[in-house]
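Each chain, written out:
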Amino acid sequence: LHPFCRLETKRSSWFTEANDSPYTGLSVDLDATNTGHTVGEVEIVCDESEVEISKQRVQALILELTGNDGSDTNTAVGKLEHFLLSNRP
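Just so we're clear, the structure is a prediction, and the values are computed from it rather than from any experiment. (Residues numbered from 1 in each chain as written. Predicted model: local features only at pLDDT ≥ 70, side-chain atom pairs only at ≥ 80, totals over all residues. Heavy atoms only, no water.)

Some thoughts on the nonpolar core
Then, number 1: Counting 6 residues, the largest nonpolar core consists of Tyr23, Leu26, Val28, Val42, Val58 and Leu61.
Then, number 2: Those residues in contact with Tyr23 that sit more than four places away from it in its chain are Thr16, Arg57, Ala60, Leu61 and Glu64. (Core = buried A, V, L, I, M, F, W, Y, C linked by side-chain atoms within 4.5 Å. Buried < 20%, exposed > 50% of the residue type's maximum accessible area, 1.4 Å probe, protein only. Contact = heavy atoms within 4.5 Å.)

Structure, rendered in structure tokens:
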């Protein structure tokens, strides 16, 4: 087997611990690759009873950071998928 791709990723991570923030408990990770692609994710760990409100909180932060209100039906492209689509090895 021979490798067809080498991806190097630099990750930036953020979270807030401020008790008065609507985003307390949310974490944001941004990964930038050596191929020029950047992808991000917002996560929260919650109890099963908090899933719906947690989804709303995640969507609110995504809207604030990106201006995307969720009506865009495009799916985020992952790092390796982006490489494959761009290079078609």
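Examining the layout of surface pockets
To find the voids left in a structure, one rolls a probe of water-molecule size over its atoms.
Then, number 1: Its volume calculated, the largest pocket comes out at about 410 Å³.
Then, number 2: Lining the largest pocket are 16 residues; nearest its centre among them are Gly40, Ile62, Thr66, Asn68 and Ala76.
Then, number 3: Along the lines of polarity and charge, the residues of the lining of the largest pocket split into 7 nonpolar, 7 polar and 2 charged. (1 Å grid on protein atoms, 1.4 Å probe; cavity = no way out; pocket = protein on both sides within 12 Å on 5 of 7 lines; lining within 4 Å. Points joined across faces, edges and corners; volume = space filled by probe spheres on them. Nonpolar A, V, L, I, M, F, W, Y, C, P; charged D, E, K, R; others polar.)

Concerning the packing of aromatic side chains
Then, number 1: The final tally for this structure, using the stated rule, is 1 aromatic pair.
Then, number 2: Aromatic pair Phe4 and Phe83: ring centres 6.5 Å apart, planes at 35°, arrangement tilted. Placement of the pair is Phe4 in the segment before strand E1 (9-15) and Phe83 in helix H2 (residues 79-87), with a sequence separation of 79 residues. (Phe/Tyr/Trp six-rings, centres within 6.5 Å; stacked < 30°, edge-to-face > 60°. Helix = DSSP H or I, 4+ residues; strand = E, 2+ residues; numbered from the N terminus.)

Quick word on the environment of Ser54
Then, number 1: By the element assignment, Ser54 lies in helix H1 (residues 51-66).
Then, number 2: When its relative accessible area of 4% is taken as the criterion, Ser54 is described as buried.
Then, number 3: Linking Ser54 and Leu7, residues 47 residues apart in sequence, is a C-alpha distance of 32 Å.
Then, number 4: Sequence-distant contacts of Ser54, defined by excluding residues within four places in its chain, comprise Ile44 and Cys46.

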